[in-house]
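# Summary of the model geometry
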Amino acid sequence: MHYPFWDVGIGYGILMAAVAVPHVFVSHFAIGGGLYLIVAEHAARRAGDDRHLAYLERLSRFFVLVTLVFGALTGVGIWFIIGLLNPAATEALIHTFVWGWAIEWTFFIVEILAAALYYYGWRHMAPRDHMVLGWIYFAAAWLSLFVINGILTFMLTPGKWLRTGSFWDGFFNPTFWPSLVFRTGVCVMLAGLFSLLIASREEPADFRARLLRRNSAWGITGLAIMAPSFFWYWRAILGQVPSTAVQGMTTPVYWIHLSYWLAAVIAAALILFGLLLARRLHVAVAAILMALGLAWFGAFEWFRESVRKPFIISGYMYGNALEVAREPIYRKNAYLRFISCPSGDEAADLFRHACRSCHTVNGYKALKPAFDGTDTAFIAAIVKSTDLLRGSMPPFWGSAQEADLIAAHIRDRVDTRHLSEIYGLHGSELGKKVYDVRCGGCHRIGGATDKTGSLAGLADADYEGLLDMASELGEGMPAFTGDAAERAALIQYFKTLKHGGAE
Ligand code: HEC
Ligand code: HEC
């Protein structure tokens, strides 16, 4: 709230992903590639293999172009985007890690210079000097990973820092080491998969087969580092993040489990096509392997971002920039007076700061489906109870009047017809829709707070009574404010519920 809000049309999540995903792929690839080049150069020089050296020179041109130009541009892009999307969190990261950033940028500059000179040096330097430069390039690149890894893992598992505020506690936090080893494995794997792709088009065939075997070995080595270190990382996270946060994240966790199979498939394919049948490896297979490798890594990053919800810095700041420590201040004074650069439309400002950093009304993570066909009182009740809904959301610490303003703002932007009209439903089907919209966010059938057990098999009068006193059934549960037809349909739906419908 202490910074103005940047109200871009598209969702924050999409914007962030569009810049961060390519950057993360390219930056890991740059580190692994640096190591790959220098190790391969040593081998090629020892064997006096000129063809191999020429291949490495071509590979390094690509590296310098992609990693330096693209990696640097997207890296600067990330700063730009996080500064705009979440200035408060960016400020917290800068304050906590000033020297970390300074060191990071120093490594980065050394990496860029060394990489550019390394490419230039193929033809203009003595072999020994050239190889020293190659090692400097790789060392600087890996050390920049070392630093950024401390800051990234800090955001998910700040550990003792929450109490001490000390740089070292934040930096060497509980997931620092497993994540560093895992990411190093990713670097090696990506270097292997990518050079496999490039090599799959080399001629003549026996040279190609030799390269493919070498590159597959890199891919397999990377996987061999990733699999156990991921397990280590996962255990470290479970020790830090409440188990409910992990349970709530069914989709990313499902992908993580699936990703073990993915790793097995990649390893098997590398052994089969890359090592045993190297002469037959088709470019398309190499391209698929590359895509699978990126998918595995992508699933990891997605999982990491997901378990951190609702926080941007766990235990310290929520995704919408609310600082945990300021709860009493907001509860006492509400939000409005803290909103800087007010736009003149209080409702819009409140909506932006409370919800807009994660939701749009119509587009990315749209609120419309949840609120179409409802009413202001219901929306206001949900605004006040977001932390009860599925999806790990921040709590709402504003005043009741502020919740009403947000509700009116949302209500003006959703479909205000009746649910029956919007969806063309009636009877118990309409009742099910009413349930999904007005109850399901908190009591998903089959979920942890399923109420089928209490709802099945009651008499009409009991259902009426239950809906009359809905707001008294639980702290934060909304009153039933649907119209008579919706109430009747909902009761009709209740009657279809069976005991034991819960898990
Ligand atoms: C820190 C991010 C964040 C903030 C801030 C946030 N939400 Fe959410 N919200 C989520 C996530 C994540 C989900 C899960 C939905 C998904 O994965 O698509 C969600 C889901 C929802 C749902 C749908 C629940 C369902 O059953 O599908 C509603 C309604 C909702 N949010 C309303 C709000 C409102 C109103 C606000 C502002 C007062 C708000 N949210 C603020 C992250 C956030
Ligand atoms: C914003 C979240 C929220 C919504 C939406 C919501 N509830 Fe609840 N409900 C709660 C909470 C919190 C409790 C109290 C804790 C508990 O029993 O899980 C509760 C309790 C209940 C109970 C008491 C259960 C018992 O075993 O005593 C019933 C029944 C119930 N809700 C039914 C409904 C129905 C029907 C709807 C839709 C008309 C609904 N709830 C909508 C949050 C919600």
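Counting restarts for each chain, with residues numbered from 1 along the sequence as it is written. Here chains are named by letter from A upward and ligands by number from 1 upward, in the order in which they appear as written. Where totals are concerned, whole chains, interfaces and linings use all residues; where local detail is concerned, this predicted model gives features only for residues with pLDDT of at least 70, and gives and counts side-chain atom pairs only at 80 or more. The basis for every side-chain value is the complete set of non-hydrogen atoms in the structure, without hydrogens or water.

## Points about the overall build of the protein
A count of helices and strands for the protein gives 22 helices and two strands. The dimensions of the protein, computed from C-alpha atoms along their principal axes, are 90 × 50 × 35 Å. The rule is simple: take the accessible area with a 1.4 Å probe, protein chains only, and divide by the maximum for that residue type; under 20% is buried, over 50% is exposed, in between is partly exposed. Relative to its 503 residues, the protein shows a buried fraction of 49%. Throughout, a residue-residue contact means that at least one pair of heavy atoms, one from each residue, lies within 4.5 Å. Restricting to contacts in the protein with at least 6 residues of sequence separation, those with at least 24 account for 74%. Put simply, the protein shows about 23,300 Å² of open surface, and 64% of that area lies on carbon and sulfur atoms. Numbering of helices and strands runs from the N terminus, with a helix taken as a DSSP run of H or I at least four residues long and a strand as a DSSP run of E at least two residues long. All accessible-area figures derive from a Shrake-Rupley calculation using a 1.4 Å probe, and residue coverage is judged against the displayed protein chains alone.

## Points about the site of ligand 2
Each residue is tested against the molecule or strand, and it is near if at least one of its non-hydrogen atoms lies within 4 Å. Neighbouring ligand 2 are 16 residues; Cys439, Cys442, His443, Ser454 and Met477 lie closest to it. For the purposes of these results, a polar contact is taken to be a pair of N or O atoms within 3.5 Å, where, inside protein, one atom must be able to donate a hydrogen and its partner to accept one; residues adjacent in sequence count only when each atom of the pair is a side-chain atom. One nitrogen or oxygen atom from the side chain of lysine 451 is found 2.8 Å from an oxygen atom belonging to ligand 2. Its residues placed into classes, the shell around ligand 2 shows eight nonpolar, five polar and three charged. Here the limits of each domain have been adopted from an automatic or database domain assignment. In terms of domain composition, the shell around ligand 2 takes at least three residues from each of domain 2 (324-411) and domain 3 (419-494). When residues are sorted by character, Ala, Val, Leu, Ile, Met, Phe, Trp, Tyr, Cys and Pro go into the nonpolar class, Asp, Glu, Lys and Arg into the charged class, and all the rest, Gly among them, into the polar class.

## Thoughts on the coordination of the iron atom of ligand 1
As a benchmark, a tetrahedral metal site with four donors has ideal angles of 109.5 degrees, while an octahedral site with six donors has ideal angles of 90 or 180 degrees. Donor atoms are limited to N, O and S found within 2.8 Å of the metal ion, a distance that becomes 3.2 Å for Na, K and Ca. With water left out, some sites might look partial. Within the protein, the atoms that donate to the iron atom of ligand 1 are His359 (NE2) and Met393 (SD), at distances of 1.9 to 2.0 Å. Under the classification used here, a metal with four donors is tetrahedral if each angle lies between 85 and 135 degrees, square planar if opposite donors are over 155 degrees apart and the others between 65 and 115, a six-donor metal meeting that same test is octahedral, and anything else is irregular. For the iron atom of ligand 1, the six donor atoms are set out with angles of 85 to 179 degrees between them, so the coordination reads as octahedral. A residue pair is termed long-range when its members are at least 10 positions apart, and histidine 359 in the loop between helix H14 (346-356) and helix H15 (368-371) and methionine 393 in the loop between helix H16 (376-384) and helix H17 (400-411) qualify at 34 residues.

## Comments concerning the domain arrangement of the protein
Domain boundaries assigned for the protein yield domain 1 (12-313), domain 2 (324-411) and domain 3 (419-494). One C-alpha centre belongs to domain 1, the other to domain 3, and the line joining them spans 49 Å.

## Overview of the side chain of arginine 183
Its location among the elements puts arginine 183 in helix H8 (residues 176-199). The buried category is assigned to arginine 183, whose relative accessible area is 2%.

## Some points on the pattern of salt bridges
The term salt bridge refers to a side-chain nitrogen of Lys or Arg lying within 4 Å of a carboxyl oxygen of Asp or Glu. Summed over the entire model, instances satisfying the criterion amount to 21 salt bridges. One salt bridge in this structure joins arginine 308 and glutamate 305, with 3.1 Å as the shortest N-O distance. With a relative accessible area of 6%, arginine 308 lands in the buried category. One salt bridge in this structure joins glutamate 327 and arginine 331, with 2.8 Å as the shortest N-O distance. Placement of the pair is glutamate 327 and arginine 331 together in helix H13 (residues 327-333), with a separation of four residues, close to one helical turn. By relative accessible area, glutamate 327 is classed as partly exposed at 28%.

## With respect to the coordination of the iron atom of ligand 2
On the protein side, the iron atom of ligand 2 has His443 (NE2) and Met477 (SD) as donor atoms, found 2.0 to 2.1 Å from it. When its relative accessible area of 25% is taken as the criterion, methionine 477 is described as partly exposed.

## Overview of the site of ligand 1
Residues in contact with ligand 1 amount to 20 residues; listed here are only the nearest, Cys355, Cys358, His359, Arg390 and Met393. Here a nitrogen atom of ligand 1 and a side-chain polar atom of histidine 359 are 2.8 Å apart. Only H14 and H15 provide two or more residues apiece to the shell around ligand 1. Considered class by class, the residues forming the shell around ligand 1 number eleven nonpolar, six polar and three charged.

## Brief notes about the packing of helix H4 (residues 98-124) against helix H5 (residues 127-156)
Viewed as axis vectors pointing N to C, H4 and H5 meet at an angle of 155 degrees, and their least axial separation amounts to 8 Å. With respect to each other, H4 and H5 are oriented roughly antiparallel. The two elements H4 and H5 meet at a crossing, and its hand is left-handed. Looking at side-chain class alone, the contact of H4 with H5 contains 18 nonpolar, five polar and two charged residues. In this analysis an axis means a line fitted to C-alpha atoms, helices contributing only their contacting stretch, and an angle means the value between N-to-C directions, from 0 to 180 degrees. For classification purposes, an angle smaller than 35 degrees is called roughly parallel, one larger than 145 roughly antiparallel, one from 65 to 115 roughly perpendicular, and anything else oblique. Handedness of a crossing follows from how the near helix is turned relative to the far one, being left-handed for an anticlockwise turn of less than a right angle and right-handed for a clockwise one.

## Some words on the packing of H5 against H8
Across the interface, H5 lies against H8 with an axial gap of 10 Å and an inter-helix angle of 135 degrees. The angle between H5 and H8 places the two elements in the oblique class. Viewed along their axes, H5 and H8 form a crossing whose handedness is right-handed. Between H5 and H8, the contacting residues are Trp142, Leu145, Phe146, Asn149, Gly150, Leu152 and Thr153 on the first element and Phe176, Trp177, Ser179, Leu180, Arg183, Thr184 and Cys187 on the second. Of the residues in the contact of H5 with H8, the class split is eight nonpolar, five polar and one charged.

## Details of a positive patch on the surface
Patches draw on residues past 30% relative accessible area with no salt bridge. Two like charges within 9 Å are joined, as are two nonpolar side chains (Val, Leu, Ile, Met, Phe, Trp, Tyr) within 5 Å. For the charge count, each Lys or Arg is scored as positive and each Asp or Glu as negative, with His and the chain ends excluded. The location of each charge is read from NZ of Lys, CZ of Arg, CG of Asp or CD of Glu. Residues Lys309, Lys365, Arg390 and Arg444 make up a contiguous surface patch of positive charge. With respect to the helices, strands and loops of the structure, lysine 365 is situated in the loop between H14 and H15. A relative accessible area of 41% means that lysine 365 is categorised as partly exposed.

## Quick notes on the packing of aromatic side chains
Under the pairing criterion, centres of Phe, Tyr and Trp rings, with the six-membered ring standing for Trp, must be within 6.5 Å; the plane angle then separates stacked pairs below 30 degrees from edge-to-face pairs above 60, leaving the rest tilted. Scanning the model with the defined rule gives 49 aromatic pairs in all. Seen from their ring centres, phenylalanine 172 and phenylalanine 176 are 4.9 Å apart, and the 70 degrees between their planes marks the pair as edge-to-face. Overall, phenylalanine 172 belongs to the partly exposed group, its relative accessible area being 35%. Ring geometry for phenylalanine 230 versus tyrosine 260: centroids 5.9 Å apart, planes at 65 degrees, classification edge-to-face. Residue phenylalanine 230 is found in helix H9 (residues 205-238), and its partner tyrosine 260 is found in helix H11 (residues 250-276); the two are separated by 30 residues along the sequence. The exposure class assigned to phenylalanine 230 is buried, which follows from its relative accessible area of 2%. Aromatic rings pair up to connect Phe97, Trp142, Phe146, Phe154, Trp161, Phe167, Trp168, Phe171, Phe172, Phe176, Trp177 and Tyr316 into one cluster. Whether a charge sits over a ring depends on NZ of Lys or CZ of Arg being within 6 Å of the ring centre and within 35 degrees of the ring normal. Positioned above the aromatic ring of tyrosine 423, the side-chain terminus of lysine 433 is 4.1 Å from the ring centre. Directly above the ring of phenylalanine 378 sits arginine 438, whose terminal nitrogen or CZ lies 5.1 Å from the centroid.

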